[in-house]
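Listed below are the residues making up each chain.
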Amino acid sequence: MSDAANRSRRHVRAQGYAVLARCWRQPDNDLIEAVNDGELDRVVPDIGPVSLSDLRTEHTRLFVGPKGPPCPPYESVYRDGDGEGSSNVLGPSTGAVVEWYRAYDLGLDPDWPDLPDHVATELEFAAHLLATEGGATLEQFLEAHPRQWFDRFLGAVRAETREPFYAELADATERVVLE
């Protein structure tokens, strides 16, 4: 395969990681339009029409609370705790993932109100690594971080969700990151 073909393939894969990251964030009108127009079919297939209200309600229930979410979207909960609550948020694994970001001169987007070990942030970083550094560096990051906790997180999402969108998103994320 030529260098240009390799770069093109890496770019497409990096976009896939970026799309998954976007899907794990708070739903907005752009996401709903992309789902309903079929723009995400290649990354997150088999999703029917969705409503903003339904996805926001489910997103909040699964990942925010009110009394502690059933599926905390943070690495530190699964790696530094028991995966059952937020008592270990910002644990040692959060610091370790921040070191990865710093090693590539990256920080959190000031408009992103969440923690550095959020599922979306780690997927965005994976997209960045693939686009700029290549597959070997991406694999190192995936082994050090997402692959250490995504299986439990994605299993919890599948078990708890009432929206097919999140079950399909968990399946798509597993195919991309864990297989």
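Chains are numbered independently. Their residues run from 1 in the order of the written sequence. Confidence filtering applies because this is a predicted model: local features only for residues at pLDDT of at least 70, side-chain atom pairs given and counted only at 80 or more, and all residues used for totals across whole chains, interfaces and linings. As a rule here, side-chain values cover all heavy atoms of the structure and leave hydrogens and water aside.

- An unreviewed UniProt entry lists the protein chain under the name Putative component of anaerobic dehydrogenase, with Halapricum desulfuricans as the source organism.

## What about the packing of aromatic side chains?
In step 1: The pairing test for Phe, Tyr and Trp rings, Trp by its six-membered ring, is centres within 6.5 Å, and the orientation test on the planes gives stacked under 30 degrees, edge-to-face over 60, and tilted for anything in between. Evaluated as defined, the whole model comprises 16 aromatic pairs.
In step 2: Taking 6.4 Å as the distance between ring centres and 40° as the angle between the ring planes, the aromatic pair formed by tryptophan 24 and tyrosine 166 counts as tilted. With a gap of 142 residues between them, tryptophan 24 in helix α1 (residues 3-24) and tyrosine 166 in helix α9 (residues 164-177) connect regions that are remote in the sequence. No difference in accessibility class separates tryptophan 24 from tyrosine 166, as the two residues are buried.
In step 3: A ring pair is formed by phenylalanine 63 and phenylalanine 153, whose centres lie 6.0 Å apart and whose planes are at 40°; its orientation type is tilted. With phenylalanine 63 in helix α3 (residues 52-63) and phenylalanine 153 in helix α8 (residues 146-160), this residue pair connects regions lying 90 residues apart in the sequence. Like phenylalanine 63, the residue phenylalanine 153 is buried in the burial classification.
In step 4: Aromatic ring contacts, followed pair by pair, group Trp24, Phe63, Tyr78, Trp149, Phe150, Phe153, Phe165 and Tyr166 into a single cluster. The numbering of helices and of strands both runs from the N terminus, where a helix is a DSSP run of H or I of at least 4 residues and a strand a run of E of at least 2. Per-residue accessibility, obtained with a 1.4 Å probe over protein chains only, is compared with the maximum for each type, and a residue is labelled buried under 20%, exposed over 50%, and partly exposed between these values.

## Some words on the environment of arginine 61
In step 1: Inspection of the secondary structure puts arginine 61 in helix α3.
In step 2: The exposure class assigned to arginine 61 is buried, which follows from its relative accessible area of 19%.
In step 3: In this analysis, two residues are considered to be in contact whenever any of their non-hydrogen atoms come within 4.5 Å of each other. Once residues lying within four places of it in the same chain are set aside, the contact partners of arginine 61 are Pro69, Pro70, Glu160, Thr161 and Arg162.
In step 4: Contacts described as polar in this section are N or O atom pairs within 3.5 Å, which, within protein, must combine one atom able to donate a hydrogen with one able to accept it, while residues neighboring in sequence count only if both atoms come from side chains. Engagement of the side chain of arginine 61 in a polar contact is seen with the backbone oxygen of glutamate 160, the distance being 2.5 Å.

## So, unusual backbone geometry
In step 1: In this structure, aspartate 105 takes a positive phi of about 55° despite not being glycine.
In step 2: By the secondary structure assignment, aspartate 105 is in the loop between α5 (92-103) and α6 (119-132).
In step 3: For aspartate 105, a relative accessible area of 73% corresponds to the exposed category.

## Regarding the packing of helix α7 (residues 135-144) against α8
The axes of two packed helices give the description: the angle between them and the distance between them.
In step 1: Every axis corresponds to a line fitted to the C-alpha atoms, with the helix fit spanning only the stretch in contact, and the corresponding angles, defined between N-to-C directions, vary from 0 to 180 degrees. Interhelical geometry of α7 versus α8 gives an angle of 55° and a closest axis separation of 4 Å. Between α7 and α8, the crossing angle belongs to the class labelled oblique. Residues Glu139, Phe141, Leu142, Glu143 and Ala144 of α7 touch α8, and the partners they reach there are Pro146, Arg147 and Gln148.
In step 2: Looking at the contact of α7 with α8 residue by residue, the classes come out as four nonpolar, one polar and three charged. The scheme is simple: roughly parallel for angles under 35 degrees, roughly antiparallel for over 145, roughly perpendicular for 65 to 115, oblique for anything else. Gly counts as polar in this scheme, as do all residues outside two lists: the nonpolar Ala, Val, Leu, Ile, Met, Phe, Trp, Tyr, Cys and Pro, and the charged Asp, Glu, Lys and Arg.

## Some words on the packing of α5 against α6
In step 1: Running from N to C, α5 and α6 cross one another at 30°; their axes reach a closest spacing of 11 Å. In terms of orientation, α5 and α6 fall into the roughly parallel class. When you trace α5 past α6, the crossing you get is left-handed. For the pair formed by α5 and α6, the contact residues are Val97, Trp100 and Tyr101 on the first element and Thr121, Glu122, Phe125 and Leu129 on the second.
In step 2: Class assignment for the residues of the contact of α5 with α6 results in five nonpolar, one polar and one charged. Helix crossings get a hand from a simple test, with the near helix turned counterclockwise from the far one by less than a right angle marking a left-handed crossing and a clockwise turn marking a right-handed one.

## What to know about the side chain of aspartate 117
In step 1: Its location among the elements puts aspartate 117 in the loop between α5 and α6.
In step 2: Within the buried set, aspartate 117 has no salt-bridge partner at all; the shortest N-O distance to an opposite charge, 8.8 Å, is to arginine 79.
In step 3: Beyond its immediate stretch of four places on either side in the chain, aspartate 117 contacts Pro73, Tyr74, Glu75, Ser76, Thr94, Val97, Glu122 and Trp149. Charged residues are defined narrowly, with Lys and Arg counted positive, Asp and Glu counted negative, and His plus the chain ends left uncounted. Here, a salt bridge means any Lys or Arg side-chain nitrogen found within 4 Å of an Asp or Glu carboxyl oxygen.

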